[in-house]
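# Structure at a glance
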Amino acid sequence: MAKAAVGTSNITLVLIFLYLLASCIHFHIGECQYQKPKRNASLFIFGDSFLDVGNNNYINTSTLDQANFWPYGETYFKFPTGRFSDGLISLSEFAKLPLLPPFLQPGSQHSYYNGANFASAGAGALATTFEGSVISMETQMKNFKKVETWLTNKLGKVKSQEILSNAVYLFSIGTNDYLILFVTNSSIPSSPQYQQMVIGNLTTIVKEIYKIGGRKFGFFNLGDLGCLPGLRMLNSSSKNGCLEKASNMAKLHNVELYNVLLKMEKQLKGFKYSIYDFNSSLTERIDHPSKYGLKEGEIACCGSGRFRGILSCGGKRPVGHEFELCQDPNMHVFWDSYHPTETIYHQMAAEMWNGPSNFKSLFQCL
């Protein structure tokens, strides 16, 4: 037993070393000519609830995957929009782009010159993640191809290809592929093969966009999943720390993501990418909220139960109709059981734009 414990400890140390090594690689644009583009680069957004601006409002799903009710949106919009926060979750203000509406929002005035948002709360890289309740990555890709056709019909092949090759493609995906293992009766895999499968599905989508003409990609790595209020509460009442098994899965995922993107950069001519270290950024604010003008790093503003980790915010979900709401979301890291407040999104967007990941360069790199 003692030998097994030592072996496990050594594996953990190796994982930590690999993660720390990988987390130093925030940004890699390769050889890039910095020029002022003739027009702002378009932004095409894929992923989950960290980037969904309301696409799930327009699909047949449960309120577990929707946020189109009060008090969501109360800070900035003063009404719910479908964003899983109290306000904005956008990078548009930094990219000098208008707010991109949900791709599925009805209306005849849709224009995709500035990009489109296909993200869906609850989506994962795997098609089986919350299957039937979300817009899968495969369907998000189909929606992108509809935009490609729209641009070609409007501008012709040459000009539409110019927009697509100069555009930035932003991804936040993977969180739900691991959350589903803890919030449902799924068995939790112990080997890294699961992470490889998740990353493999993501890279398939990225390579498909590359074939269409995309060259510039931005990625969020995964946050410390075990520290989300919804998973932290799964620890026994005698433990207030993060759920270690979930945190370790996120670390493995992030190492695999860095390694795969480095390989793709070598294999695909002109492939440029930037990774935002969402994990370190979120952990820093959880551990040291006062350093960032906050008061509470562990307890969500809206929800119920320990750490307000039950996703009952708004009282419309089957998990519970009663919920607590803090007085000032701006003082919290987390808005609800799994998602940051607008304050955190704004801080992270500024960090993503001007910090080590240098996301801004993707918009300036031709």
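Here the structure is a predicted model, which means the values were calculated and not measured.

## As for the nonpolar core
- In this structure, Phe44, Phe144, Tyr169 and Phe171 are the most contacted members of the largest nonpolar core, which totals 99 residues.
- Looking at this core, the element that brings in the most residues is helix α6 (residues 193-212), giving 9 residues.
- If we ignore the near neighbours within four places in the chain, the residues touching Tyr169 are Phe44, Phe46, Phe144, Leu164, Ile209, Gly214, Arg215, Lys216, Phe217 and Gly218.

## What about the state of the cysteines?
- Under the defined criterion, the tally for this structure stands at 3 disulfides.
- Through a disulfide, Cys227 is tied to Cys242; the S-S separation comes to 1.9 Å. A torsion of 100 degrees about the S-S bond marks the disulfide between Cys227 and Cys242 as right-handed. Taken together, the residues Cys227 in the loop between β5 (216-220) and α7 (229-232) and Cys242 in the loop between α7 and α8 (244-267) connect sequence positions 15 residues apart.
- Taking the relative accessible area as the measure of exposure, Cys242 reaches 28% and is therefore partly exposed.
- The disulfide partner of Cys301 is Cys326, and the S-S distance across this bridge is 2.0 Å.

## A short note on the packing of aromatic side chains
- According to the stated counting rule, one finds 29 aromatic pairs in the structure shown.
- It is Arg232 that lies over the ring of Phe307; its NZ or CZ is 5.6 Å from the centre.
- The positively charged end of Arg285 is found above the aromatic ring belonging to Tyr292, 4.2 Å away from the centroid.

## With respect to the pairing of β5
- Within β5, 5 of the 5 residues are buried, which leaves it mostly tucked inside the rest of the structure.
- Side-chain alternation along β5 places Lys216, Gly218 and Phe220 on one buried face and Phe217 and Phe219 on a second face that is also buried.
- Relative to β5, strand β4 (residues 168-172) is paired through 4 bridges, and the arrangement is parallel. When the sheet's bridge partners are listed, Phe171 is paired in β5 with Phe219.

## Section: the pattern of salt bridges
- Throughout the structure, instances matching the rule amount to 5 salt bridges.
- With a closest N to O distance of 3.7 Å, Arg232 and Glu298 form a salt bridge. Here Arg232, found in helix α7, pairs with Glu298, found in the loop between α9 (278-287) and β7 (302-303); they are 66 residues apart in sequence, far enough to count as distant.
- Given a relative accessible area of 3%, Arg232 falls into the buried group.
- Close ionic contact of Arg285 with Glu351 constitutes a salt bridge, the shortest N to O distance being 3.1 Å.

## Structural notes on α8
- For α8, spanning 24 residues, the distance from its first C-alpha to its last is 35 Å, which sits close to the expected 34 Å at 1.5 Å a residue.
- Turning to α8, its buried residues are Ala246, Ser247, Met249, Ala250, His253, Asn254, Val255, Leu257, Tyr258, Val260, Leu261 and Met264.

## A look at unusual backbone geometry
- The step from Trp70 to Pro71 runs through a cis peptide bond, and the omega angle for that step is 10 degrees.
- Relative to the assigned elements, Pro71 resides in the loop between β2 (43-47) and α2 (92-95).
- With a phi close to 60 degrees, Phe307 is a non-glycine residue in the positive phi region.
- Note on Phe307: relative accessible area 11%, which makes it buried.
- If you check the backbone angles, Arg308 has positive phi at about 50 degrees while not being a glycine.
- Here Arg308 is to be found in the loop between β7 and β8 (324-325).
- Overall, the relative accessible area of 17% leaves Arg308 in the buried class.

## Observations regarding the confidence of the model for the protein
- For the protein, the mean per-residue pLDDT works out to 89, and 88% of the residues sit at or above 70.
- Low pLDDT, under 50, characterises residues 1-26; the predicted model gives this stretch 20 contacts beyond four residues in sequence or across chains.

## Comments concerning the side chain of Ser361
- Tracing the backbone through its elements, the reader meets Ser361 in helix α11 (residues 360-364).
- On the basis of relative accessible area, Ser361 is assigned to the buried category, the value being 3%.
- Side chain to side chain, Ser361 and Asn358 meet in a polar contact 2.7 Å long.

Cut-offs used in this document
- Residues numbered from 1 in each chain as written.
- Predicted model: local features only at pLDDT ≥ 70, side-chain atom pairs only at ≥ 80, totals over all residues.
- Heavy atoms only, no water.
- Core = buried A, V, L, I, M, F, W, Y, C linked by side-chain atoms within 4.5 Å.
- Buried < 20%, exposed > 50% of the residue type's maximum accessible area, 1.4 Å probe, protein only.
- Helix = DSSP H or I, 4+ residues; strand = E, 2+ residues; numbered from the N terminus.
- Contact = heavy atoms within 4.5 Å.
- Disulfide = S-S within 2.5 Å.
- Phe/Tyr/Trp six-rings, centres within 6.5 Å; stacked < 30°, edge-to-face > 60°.
- Lys NZ or Arg CZ within 6 Å of the ring centre and 35° of its normal.
- Pairing = 2+ DSSP bridges.
- Salt bridge = Lys/Arg side-chain N within 4 Å of Asp/Glu carboxyl O.
- Expected span 1.5 Å × (residues − 1).
- pLDDT = per-residue confidence, 0-100.
- Polar contact = N/O pair within 3.5 Å; in protein donor to acceptor, adjacent residues only side chain to side chain.

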